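# Architecture and fold: a report
If you want the building blocks of each chain, they are given just below.
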Amino acid sequence: MKKFLLSACLAGENVRYDGGNTRIECETFRKLVESGLAVLVCPEVDAGLSAPRRPCEIRGEGGGGSVLDGKSEVINDEGQNLTEQFVKGAYMSLEKALENGCSVALLKHRSPSCGSTLIYDGSFSGKKIEGKGVAGELLARNGIRLFSEETLEEAIKYIEEE
Ligand code: SF4
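An account of the accompanying structure is given in this report.

Parameters at a glance
- Residues numbered from 1 in each chain as written.
- Predicted model: local features only at pLDDT ≥ 70, side-chain atom pairs only at ≥ 80, totals over all residues.
- Heavy atoms only, no water.
- Helix = DSSP H or I, 4+ residues; strand = E, 2+ residues; numbered from the N terminus.
- Rg over C-alpha atoms; globule rule 2.2 N^0.38 Å.
- Buried < 20%, exposed > 50% of the residue type's maximum accessible area, 1.4 Å probe, protein only.
- Near = heavy atom within 4 Å.
- 1 Å grid on protein atoms, 1.4 Å probe; cavity = no way out; pocket = protein on both sides within 12 Å on 5 of 7 lines; lining within 4 Å.
- Sits in = over half its atoms within 2 Å of the grid points.
- Nonpolar A, V, L, I, M, F, W, Y, C, P; charged D, E, K, R; others polar.
- Phe/Tyr/Trp six-rings, centres within 6.5 Å; stacked < 30°, edge-to-face > 60°.
- Lys NZ or Arg CZ within 6 Å of the ring centre and 35° of its normal.
- Core = buried A, V, L, I, M, F, W, Y, C linked by side-chain atoms within 4.5 Å.
- Contact = heavy atoms within 4.5 Å.
- Salt bridge = Lys/Arg side-chain N within 4 Å of Asp/Glu carboxyl O.

### Here we look at the overall build of the chain
Looking only at helices and strands, the chain features six helices and eight strands. Starting at the N terminus and ending at the C terminus, the chain contains elements arranged as β-α-β-α-β-α-β-α-β-β-β-α-β-α. Relative to the globule expectation of 15 Å for 162 residues, the C-alpha radius of gyration of the chain, 15 Å, shows essentially globular dimensions. For the C-alpha atoms alone, the extent of the chain along its principal axes is close to 45 × 30 × 25 Å. Each of the 162 residues in the chain was classed as buried or not, and the buried ones make up 48%.

### A closer look at the site of the ligand
Contacts to the ligand come from 14 residues, most closely from Cys9, Cys42, Glu44, Lys108 and Cys114. The pocket occupied by the ligand, as judged from atoms lying within 2 Å of grid points, is the largest pocket. In the shell around the ligand, the residues fall into seven nonpolar, three polar and four charged.

### Some words on the packing of aromatic side chains
Under the definition given, this model contains one aromatic pair. For the ring pair phenylalanine 147 and tyrosine 158, a centre distance of 5.6 Å and an interplane angle of 45° mean the geometry is tilted. Pair noted here: phenylalanine 147 is in strand 8 (residues 145-148) and tyrosine 158 is in helix 6 (residues 152-160), with a separation of 11 residues, a long-range link. Overall, phenylalanine 147 belongs to the buried group, its relative accessible area being 3%. Across the ring face of tyrosine 158, the terminal group of lysine 2 is positioned such that the distance to the ring centre comes to 4.1 Å.

### A short note on the nonpolar core
Core analysis: the largest hydrophobic core is formed by 25 residues, its most contacted members being Leu5, Val74, Phe86, Ala105, Val134, Leu139 and Ile144. Elements with a contribution of two residues or more to this core: strand 2 (38-41), strand 3 (56-59), helix 3 (63-68), helix 4 (83-100), strand 5 (104-107) and helix 5 (134-141). Excluding residues within four positions of it along the chain, phenylalanine 86 makes contact with Glu44, Leu49, Cys56, Val74, Pro112, Ser113 and Val134. Of all hydrophobic cores here, the second largest spans 19 residues; its members include Ile24, Val104, Phe147 and Ile156.

### Here we look at the pattern of salt bridges
Opposite charge on two side chains lets them pair, provided their charged atoms get close. The full count for this structure, using the stated rule, is 12 salt bridges. Its salt-bridge partner being aspartate 18, residue arginine 16 comes within 3.4 Å of it at the nearest N-O pair. What makes aspartate 18 partly exposed here is its relative accessible area of 44%. For the salt bridge of glutamate 137 with arginine 141, the shortest nitrogen-to-oxygen distance reads 2.9 Å. Here glutamate 137 and its partner arginine 141 are both found in helix 5, four residues apart, which amounts to about one turn of the helix. Assessed through its relative accessible area of 42%, arginine 141 is described here as partly exposed. Connected through shared salt-bridge partners, Glu27, Arg30 and Glu34 make up one network.

This is the structure in structure tokens:
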């Protein structure tokens, strides 16, 4: 069994931008979390943002990698630049993963922080593009294997393997 980083909203914590959560309703997953293997993070709230908060998206091409490289920004739907907080939150998540020996992360898909395959395109129109969120990208760059709730079965199998 492996310790794993887990998006707090997937565990039922009310940390999402709308003040709610996206709890995964699955008995096997619940047992994994209760067994103490899960290390909960919310890169955005950990970095000091409130819940609820304005929705944010990555503006510019290249997703989270481009943000980490200083080429794109994270903005909210009022145009406020929150890049600094998103980068800070990503590094806080990486630190937690390393401190706890997590080699895998189960992250909320499509989030500008936690996304691992798809994110919104920065136009706040609901259009999705390929790319990772800022924390997802930083974790992947540091060798942490990413899963989302879309690949839950695969994630559980991988976590349960010795
Ligand atoms: S930053 Fe990640 S953990 Fe926090 S609410 Fe968004 S998707 Fe969930």
